[in-house]
Protein chains: 2
Amino acid sequence: MNKIEPRTLKGFRDFLPNEARKRQYIIEILKKVFESYGFERLETPSLEYEDILLGKYGEEGDKLMYRFEDNGGRRVALRYDQTVPLARVVAQFSNTLPTPFKRYQMQNVWRADNTQKGRFREFLQCDIDTISSDSPMADAEIIACAAQALKKLGFEKFRFFINDRKIFKDISNVAIGAIDKLKKIGEERVVEELVTRGEYDTSEKATQVLLEIKQSTPTYWIEEVISKAKSLGVDENQLAFTPTLARGLDYYTSTIIELEIEGYTAGSVGGGGRYDNLIGIFSGQDIPAVGFAFGFDRLIEAMEEKKLFPPDLTTTKVLVTTPSPKLLTISLSISNLLRSNSINTEVWLDENAKLERQFKYAEKKDISYVVIPLDNETVELRSKSKSGKITKNKLRTDQLLEQFKYSI
Amino acid sequence: MNKIEPRTLKGFRDFLPNEARKRQYIIEILKKVFESYGFERLETPSLEYEDILLGKYGEEGDKLMYRFEDNGGRRVALRYDQTVPLARVVAQFSNTLPTPFKRYQMQNVWRADNTQKGRFREFLQCDIDTISSDSPMADAEIIACAAQALKKLGFEKFRFFINDRKIFKDISNVAIGAIDKLKKIGEERVVEELVTRGEYDTSEKATQVLLEIKQSTPTYWIEEVISKAKSLGVDENQLAFTPTLARGLDYYTSTIIELEIEGYTAGSVGGGGRYDNLIGIFSGQDIPAVGFAFGFDRLIEAMEEKKLFPPDLTTTKVLVTTPSPKLLTISLSISNLLRSNSINTEVWLDENAKLERQFKYAEKKDISYVVIPLDNETVELRSKSKSGKITKNKLRTDQLLEQFKYSI
């Protein structure tokens, strides 16, 4: 066979162990926090019938969606977000699900976006949603839960920008799309876009509309959401009513939320809102709903920038070397012992390799402890400190476990 | 908008919380066991260039693969297994990865298979692989790790069927494919297939070949693998040399393994083997490799049949009810307290709902403890026993935490 060039598609990524363990670290914290609020896990298929997804995300969404014909001639599409599949699930299993239905979901979504903007074509979303509650408490709880997640990840300063889509009731979806870019492109260019798109005749008129929006006061609904969020423990400074916040997606009906981390300038790390009409498309009957999604890649980037990852996320804690064929049995029994005491332990498999190679392996894999069996009863233990300094200790094999009790 | 019928594609599944939590239970045990042996997590993209996957799984594989043209006119394919993407990764990142490279991977794969056979078109695979070791210890460790995973899941009786592909050295891939079905369709029909496929002229000849295979003795290599597996703690009864074991996939070169659970008759719950030539397709240089994959859906089914799931996997432990708007603040502060003590606690969001509805909700969601604030200082605690019996207790709010210390 000819050699095939190993390569990945643009916008798609391999996560080698170094990256994968950072991802796991965040995923596990999010999962814990979500579950602590009573959100339960849901998984939906990667592929859906095309008509389930099409037309729910606006024109842009339809364009970026991965769609194709499957082997059976069905038009199918890859998951584009987790909200529309959730809406489908709620309609499909309305008799089975509890009311309200609070679920979290952490699955990949696919968008054939321009990768030059630093965007990926396959990425993880982490969502929480509460279905069948029309209480502002539901919106507030979503915010409180997202705030708690950020805290548990180690972030201290962040802010929820909150608005009510109803503020835009006299404004077209196209104009909302333009206003949504205010933060990114500035007022002047938004006004320009509003005029060139034919939304308003003159820049004066567009500027006037924009000014009116800027001066809007919170609706009663948003006041309620903000006050409930405070009662759920969210700090007042973390909640900012922002009348110019628009959010692109078509399906939002009232509350809209965007979450930013102070000092992290690449953009919001999450967003969401209320979408009281979406489920109706599938169930024939409107069901209120509110949700929030973390942008996982931005969370990781912000964690990196703020150095919030613990120094050692390596899952393998100990390497037991195999210095010679004669000592293999000893190496195996030591590693069995450690493993059965819940210490992740790798044993060197090749009984003929030089010790030097085994040390290098431990270094490359970032393993902090290396055990070298010396004879039937003694081992050398090499421990790497946080600064990378290696200390060597000779000890009796039966002392090893005791030693690790304090360090691992 | 017209109502869209909510439905899923044949062979694709939603996992509602009841199912999702069973999946999580198994995933977490597998992850722990894999990591305890030093396997580290890898993730690869769902979509690959078509030529990376095509032709690696035999004719059948190419047929069942999900392939299409993306928006940029590239031929792409959805992940079909985790071994070929791993081979690509090893070739692509050979300078970065440790040697040996031991990785685990738990991602979905897609196959447009006949769903009538009880097969799914999207399903999870859980793989461990060791790359760059040509020692039989590597094969043995894969077996030992898989055995440990089954034990931790609660299975007691299971068996690894082991063979060496080299036994078939004078036999064509087509004939191996037929022999692979021996267990499923019986000797008579295998002989028939060998003849009709033109592999042998007469049934006598085919029967003779089959007999010779049946009488084969273990190769030296397989003897080594089996003896090393024993030295790694695998029970002798769990290791069965099986000369008629063939396994369908084209890429295996020597060791082949299938894992069966006693009393679970739907088929093997996992399989694997050595594939020393696959990585060479991408790297231009052969690199030895051995791996094993659990079939996740069968594991779940076997766990169900043998009743190995813990009785309560519900993630939400407590529901704090909201009996009236006046008591909402109390409900919130109780739930905050429990949550900050690591007890997953849901608070009822709608301050105007009848208590009866809140109780029903707890029942539907399988929540074991329901707290009903009575006034500023007292609560009623309703606890559900395993048999479903509900006990009611009146206690001071500040005793609640103490109470849960013993029960949750």
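This text follows the structure it describes.
Residues numbered from 1 in each chain as written. Chains lettered and ligands numbered in written order. Predicted model: local features only at pLDDT ≥ 70, side-chain atom pairs only at ≥ 80, totals over all residues. Heavy atoms only, no water.

Caption draft 1: Structural detail: the sheet that holds strand β6 (residues 122–131) of chain A. Residue and element names in this part refer to chain A. One open sheet holds the 8 strands; their spatial order is β1-β5-β6-β11-β10-β9-β7-β8, and the pairing between them is mixed. Either end of the sheet is taken by a strand with one partner, and the two such strands are β1 (40–41) and β8 (239–241). As paired strands, strand β10 (residues 270–274) and strand β11 (residues 289–295) are joined by 5 bridges and run antiparallel to one another. By the bridge assignment for β11, G270 is matched with F294. (Pairing = 2+ DSSP bridges. Helix = DSSP H or I, 4+ residues; strand = E, 2+ residues; numbered from the N terminus.)

Caption draft 2: Broad picture of the side chain of T130 of chain B. Note that T130 of chain B resides in strand β6 (residues 122–131). Given the relative accessible area of 0%, T130 of chain B is considered buried. Not counting chain neighbours up to four residues away, the residues in contact with T130 of chain B comprise L349 of chain A together with F39, P100, F101, K102, A138, I142, P288, A289 and V290 of chain B. (Buried < 20%, exposed > 50% of the residue type's maximum accessible area, 1.4 Å probe, protein only. Contact = heavy atoms within 4.5 Å.)

Caption draft 3: The arrangement of helix α9 (residues 203–214) of chain B in detail. The end-to-end C-alpha distance of α9 of chain B is 16 Å, a good match for the 16 Å that 12 residues give at a rise of 1.5 Å each. Buried residues belonging to α9 of chain B abut α6 (173–179), α7 (182–185) and α8 (187–196) of chain B. (Expected span 1.5 Å × (residues − 1).)

Caption draft 4: Up close: the packing of helix α1 (residues 17–36) of chain A against helix α12 (residues 296–305) of chain A. Residues and elements named next belong to chain A. Between α1 and α12, the shortest axis-to-axis distance is 11 Å and the interhelical angle comes to 105°. Judged by the inter-axis angle, α1 sits roughly perpendicular to α12. Two secondary-structure elements touch here, α1 through E19, K22, R23, Y25, I26, I27 and L30 and α12 through F296, D297, L299, I300, M303 and E304. For the contact of α1 with α12, a count of residues per class yields 8 nonpolar, no polar and 5 charged. (Axes fitted to C-alpha atoms, helices over the stretch in contact; angles between N-to-C directions. Parallel < 35°, antiparallel > 145°, perpendicular 65-115°, else oblique. Nonpolar A, V, L, I, M, F, W, Y, C, P; charged D, E, K, R; others polar.)

Caption draft 5: Looking closely at the pattern of salt bridges. Residues and elements named next belong to chain B. Scanning the model with the defined rule gives 68 salt bridges over all chains in all. Residue D70 is joined to R74 by a salt bridge in which the shortest nitrogen-to-oxygen separation is 2.8 Å. You can call D70 buried: its relative accessible area is 7%. Taking relative accessible area as the criterion, R74 reaches 22% and is therefore assigned partly exposed. (Salt bridge = Lys/Arg side-chain N within 4 Å of Asp/Glu carboxyl O.)

The values are spatial; any link to function lies outside them.
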